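Examination of the molecular architecture
Residues per chain, in single letters:
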Amino acid sequence: MPQVRVHNFSISLDGFGTGDGITIDAPFGHAGERLHEWMFATRFWRSMVGEPGGSTGIDNVFAEQHSIGFGAEIMGRGKFSASTGPWTGIGTDDEWRGWWGPNPPFHTPVFVLTHHARPSIEMEGGTVFHFVDASPAEALDLARDAAGDLDVRIGGGPAMLRDFLAAGLVDVAHVVQVPILLGRGVRLWDGLDALDERYAIEAVSSPSGVTHLTLTRRR
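Think of each chain on its own: its residues are numbered from 1, step by step along the sequence as written. Per-residue local features are limited, in this predicted model, to residues with pLDDT of at least 70; the limit for side-chain atom pairs, both in listing and counting, is 80 or more; totals at the level of whole chains, interfaces and linings are taken over all residues. Side-chain figures throughout are based on the complete set of non-hydrogen atoms in the structure, without hydrogens or water.

**Details of the overall build of the chain**
How we decide: Runs of H or I in DSSP of at least four residues are treated as helices and runs of E of at least two as strands, each being numbered from the N terminus. Atoms counted for the radius of gyration: C-alpha only. Globule rule: 2.2 Å times the number of residues to the power 0.38. Remark: exposure states derive from per-residue accessible area (1.4 Å probe, protein chains only) relative to the maximum for the residue type, with buried under 20%, exposed over 50%, and partly exposed in between. Each accessible area is a Shrake-Rupley estimate made with a 1.4 Å probe; only the visible protein chains count as cover when residues are assessed.
Counting its secondary structure elements, the chain contains seven helices and 11 strands. A compact globule built from 219 residues should have a C-alpha radius of gyration of about 17 Å, and the chain, at 17 Å, falls within 12% of that. Summarising its shape, the C-alpha atoms of the chain cover approximately 45 × 40 × 35 Å along the three principal directions. Expressed as a percentage of its 219 residues, the buried residues of the chain come to 44%. Of the roughly 10500 Å² that the chain leaves accessible, carbon and sulfur atoms contribute 53%.

Here's what the structure looks like:
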């Protein structure tokens with residue numbers, strides 16, 4: 001049966017999933033790339049960007065799951081763009097197409113949660129961005145229809161992922177705790193009291209210093 005999954009979502013030791021001061025030039029604000037350096041070092045990532053080498057250990061094993069078995073993704077507006085409000089004034093106005101270039105790495109329909117309507121954008125490689133003003137449950141219905149027999153990926157950022165976890169809509173979540181302190185930004189765990197009562201949690205430490213947390217919803 002298709003599942004709703006999170007993969008490779010990185011947070012700091014103090015629980016921040018993104019930094020403060022997000023701009024077009026700094027998609028994760030003052031965090032920079034520090035939350036994701038563990039993944040950049042893997043063979044999975046390096047092969048995806050056309051570079052040789054990379055680690056093949058536990059980090060790579062987890063990272064590879066990001067591309068397996070998904071038929072659709074849901075992301076928050078903050079993952080797609082640094083702007084808020086109407087789709088203007090963000091460097092390229094309403095022509096902004098995300099940070100990933102003409103061929104984004106999703107290769108599925110992607111549902112971007114936003115309060116501001118915008119026509120869908122078809123990209124290379126099978127990615128189509130749809131902009132929907134919907135609740136988590138409503139967005140999930142749309143994504144499930146698009147995914148068919150495949151899983152739906154919840155892509156973040158932290159605020160929308162928190163909403164999906166709070167609503168009990170996530171079956172499996174892979175969260176990577178990175179050994180840095182950010183001090184400010186957007187936290188993932190706030191308001192998710194007693195999450196361990198609803199999810200079984202496993203932790204696997206990596207030689208890179210990160211800890212892979214897998215949350216599986218209790219049946």
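**Focus on the pairing of strand E1 (residues 4–12)**
Each regular strand shows side chains that alternate between the opposite faces of the sheet. Selection rule: Two strands qualify as a pair provided DSSP detects at least 2 bridges between them.
With nine of its nine residues buried, E1 lies for the most part within the structure. Here E1 pairs with strand E7 (residues 151–154) via two bridges, running parallel. Pairing of Val 4 across the sheet is with Val 152, part of E7. Sheet topology note: the E1/strand E8 (residues 172–178) ladder contains six bridges and is parallel. Considered in E8, the bridge of Ser 10 is made with Val 176.

**Some remarks on the environment of Val 186**
The criterion, for reference: Residue contacts follow a heavy-atom distance rule, with two residues in contact if any of their heavy atoms lie within 4.5 Å.
Turning to its location among the elements, Val 186 is positioned in strand E9 (residues 186–187). Assessed through its relative accessible area of 30%, Val 186 is described here as partly exposed. Separated by 28 residues in the primary sequence, Val 186 and Pro 158 have C-alpha atoms spaced 6.5 Å apart. Beyond its immediate sequence surroundings of up to four residues, Val 186 is in contact with Gly 15, Phe 16, Gly 17, Thr 18, Pro 158, Ala 159 and Arg 162.

**Looking at the confidence of the model for the chain**
Note the threshold: The predictor attaches a confidence to each residue, and that confidence, scored 0 to 100, is pLDDT.
Here the chain averages 93 in pLDDT, while 97% of its residues score no lower than 70. Scored below 50 in pLDDT, residues 89–93 makes six contacts in the model with residues more than four places away or belonging to other chains.

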